[in-house]
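# Architecture at a glance
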Amino acid sequence: MASIIEYGWLYLITHFSDFQLACLGSFFLHESVFFLSGLPFIYLERAGWLSKYKIQSIRDIWQKRTLVKDSSAQLMHVPITCCHVGQCSFSAIELCYCSSYSMKTKNNSPAAQEKCITRLLLYHFGVNLPVMVISYPVFKHMGMQSSLPLPSWNVVLTQIIFYFILEDFVFYWGHRVLHTKWLYKHVHSVHHEYATPFGLTSEYAHPAEILFLGFATIIGPAITGPHLMTLWLWMVLRVLETVEAHCGYHFPWSLSNFLPWYGGADFHDYHHRLLYTKSGNYSSTFTYMDRVFGTDKGYRKLKALKNDGIEDGSKQK
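This report concerns the structure included in the present document.

### Quick notes on the overall build of the protein chain
- When its secondary structure is counted, the protein chain shows 12 helices and 2 strands.
- Tracing the protein chain from N to C terminus, the helices and strands come up as α-α-α-β-β-α-α-α-α-α-α-α-α-α.
- Counting only residues that meet the buried cut, the protein chain has 49% of its 317 residues in that class.
- In the protein chain, once contacts between residues fewer than 6 apart in sequence are set aside, the share between residues at least 24 apart is 78%.
- Per element, the accessible surface of the protein chain, about 16200 Å² overall, is 66% carbon and sulfur.

In structure tokens:
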């Protein structure tokens, strides 16, 4: 396996310059992974396939409404019952809890999805690509290389783990800042135009936010000056993670069901469907920062109450 990778890498460095690989190669890889992993969720939503795993399958019928004035005090007294709408069911706990935070109602129409794709292409070519070109000298100065031999997997794994830890820390605080009143209104609200997210909305954001939060992704590699292969692997993992977090589906095979502290779609979907001042769940990949600073309390409370309701219902049966 290693020899195949090295042979392929030798072909790349023989036929392309460092600049071409680091800038144009990285851009092509990003676009390929991003759209190939994100577009299927648009078709899933349009076709209605796997709808039973859709997190917000009927959320669009709930307009701004307050069913309880103090959810934290009254949720403990909400009976564990369910109402059914079409093929979906919501517990009374979820309806009351979410309605108390004035859920927004926006459908993902084909026009809205096409708008997202158009803007993404504009932002990627107008912001992402120039940033890759401009940052190339910085990465080279910090020691990035593309030559053989390739780094050992121990080095690659250590650097990737460091990047995840650092990115989670920087992203968390940057994301919380973006949820302050002025920055949310003028910058971050663009990303939240889609209250029911789908995979491609993960990178749908104001250009200023692309630069602001993109810093969290590149700061680790900029510090360590990794091999280009490591940088590409990190980019692929981050793209796949953020697309999955915004996909709008929670599957039995979702990584959050198996990997402790991993956020995933269910965790981040909660952030999108609540009023910006009450959302919490600011973490990127792993949720330790939200747990440390208590900004996931609402999410954990809702999950606990829903789980209690499921257990009570199964006992009654």
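There's more to say after this.
### Section: helix 2 (residues 18-47)
- Taking 1.5 Å per residue, 30 residues should reach 44 Å; helix 2 reaches 43 Å between its end C-alpha atoms and fits that length.
- Of the residues trailing helix 2, G48 is marked for its positive phi of about 75°.

### Observations concerning a nonpolar patch on the surface
- A contiguous nonpolar surface patch, about 530 Å² in accessible area, is contributed by W49, L50, W253 and F258.
- Within the element layout of this structure, F258 appears in the loop between helix 9 (228-245) and helix 10 (264-273).

### Considering the pattern of salt bridges
- Applying the stated criterion across every chain, the model contains 9 salt bridges.
- One salt bridge connects K54 with E45, and the closest N-O pair in it is separated by 3.8 Å.
- For K54, a relative accessible area of 13% puts it in the buried group.
- Here R238 and E167 are joined by a salt bridge, their closest N and O atoms 3.1 Å apart. Of this pair, R238 sits in helix 9 while E167 sits in helix 6 (residues 153-178), and the two are 71 residues apart along the sequence. Accessibility assignment for this pair places R238 and E167 in one class, buried.
- Within the structure, one salt-bridge network assembled from shared partners comprises E167, R238 and E241.

### Section: the environment of V190
- Locating V190 in the fold gives a position in the loop between helix 7 (181-186) and helix 8 (207-224).
- Residues V190 and P207, spaced 17 residues apart in sequence, show a C-alpha to C-alpha distance of 9.6 Å.
- Residues contacting V190, with those up to four places away along its chain left out, are Y204, A205 and H206.

### Quick word on the packing of aromatic side chains
- Summed over the entire model, instances satisfying the criterion amount to 22 aromatic pairs.
- Ring geometry for F164 against W234: centres 4.8 Å apart, planes inclined by 85°, an arrangement best described as edge-to-face. Highlighted residues: F164 in helix 6 and W234 in helix 9, separated in sequence by 70 residues. Side by side, F164 and W234 carry an identical accessibility label, which is buried.
- Measuring from ring centre to ring centre gives 5.5 Å for Y194 and F198, while their planes differ by 90°; the resulting arrangement is edge-to-face.

### Some details on unusual backbone geometry
- In this structure, the amide linkage connecting L148 to the following residue, P149, adopts the cis form with an omega of 5°.
- Among the secondary structure elements, P149 is positioned in the loop between helix 5 (110-141) and helix 6.
- Backbone geometry at L50 places phi at a positive 55°, although glycine is not the residue there.
- Along the chain, L50 falls in the loop between helix 2 and helix 3 (71-74).
- Since its relative accessible area comes to 38%, L50 is described here as partly exposed.

### A look at the packing of helix 2 against helix 5
- Relative orientation of the contacting elements helix 2 and helix 5 amounts to 160°, with a least axis distance of 10 Å. In terms of orientation, helix 2 lies roughly antiparallel with respect to helix 5. Helix 2 and helix 5 meet at a crossing whose hand is right-handed.
- Here the residues of the contact of helix 2 with helix 5 sort into 18 nonpolar, 5 polar and 6 charged.

### Points about the packing of helix 6 against helix 9
- One way to put it is that helix 6 packs onto helix 9 with a least axis distance of 10 Å and a crossing angle of 45°. Considering their axes alone, helix 6 and helix 9 lie oblique with respect to each other. Here the hand of the crossing between helix 6 and helix 9 comes out right-handed. Each of W153, V156, Q159, I160, Y163, F164 and E167 in helix 6 lies in contact with helix 9, whose residues at this interface are M229, T230, L233, W234, L237 and R238.
- Each residue belonging to the contact of helix 6 with helix 9 can be placed in one class, and the counts come to 9 nonpolar, 2 polar and 2 charged.

Each value, and the rule that gives it
Residues numbered from 1 in each chain as written. Predicted model: local features only at pLDDT ≥ 70, side-chain atom pairs only at ≥ 80, totals over all residues. Heavy atoms only, no water. Helix = DSSP H or I, 4+ residues; strand = E, 2+ residues; numbered from the N terminus. Buried < 20%, exposed > 50% of the residue type's maximum accessible area, 1.4 Å probe, protein only. Contact = heavy atoms within 4.5 Å. Areas by Shrake-Rupley, 256 points an atom, 1.4 Å probe, with all protein chains shown as cover. Expected span 1.5 Å × (residues − 1). Patch = residues over 30% accessible without salt bridge, like charges linked within 9 Å, V, L, I, M, F, W, Y side chains within 5 Å. Salt bridge = Lys/Arg side-chain N within 4 Å of Asp/Glu carboxyl O. Phe/Tyr/Trp six-rings, centres within 6.5 Å; stacked < 30°, edge-to-face > 60°. Axes fitted to C-alpha atoms, helices over the stretch in contact; angles between N-to-C directions. Parallel < 35°, antiparallel > 145°, perpendicular 65-115°, else oblique. Left-handed = near helix turned anticlockwise from the far one by under 90°. Nonpolar A, V, L, I, M, F, W, Y, C, P; charged D, E, K, R; others polar.

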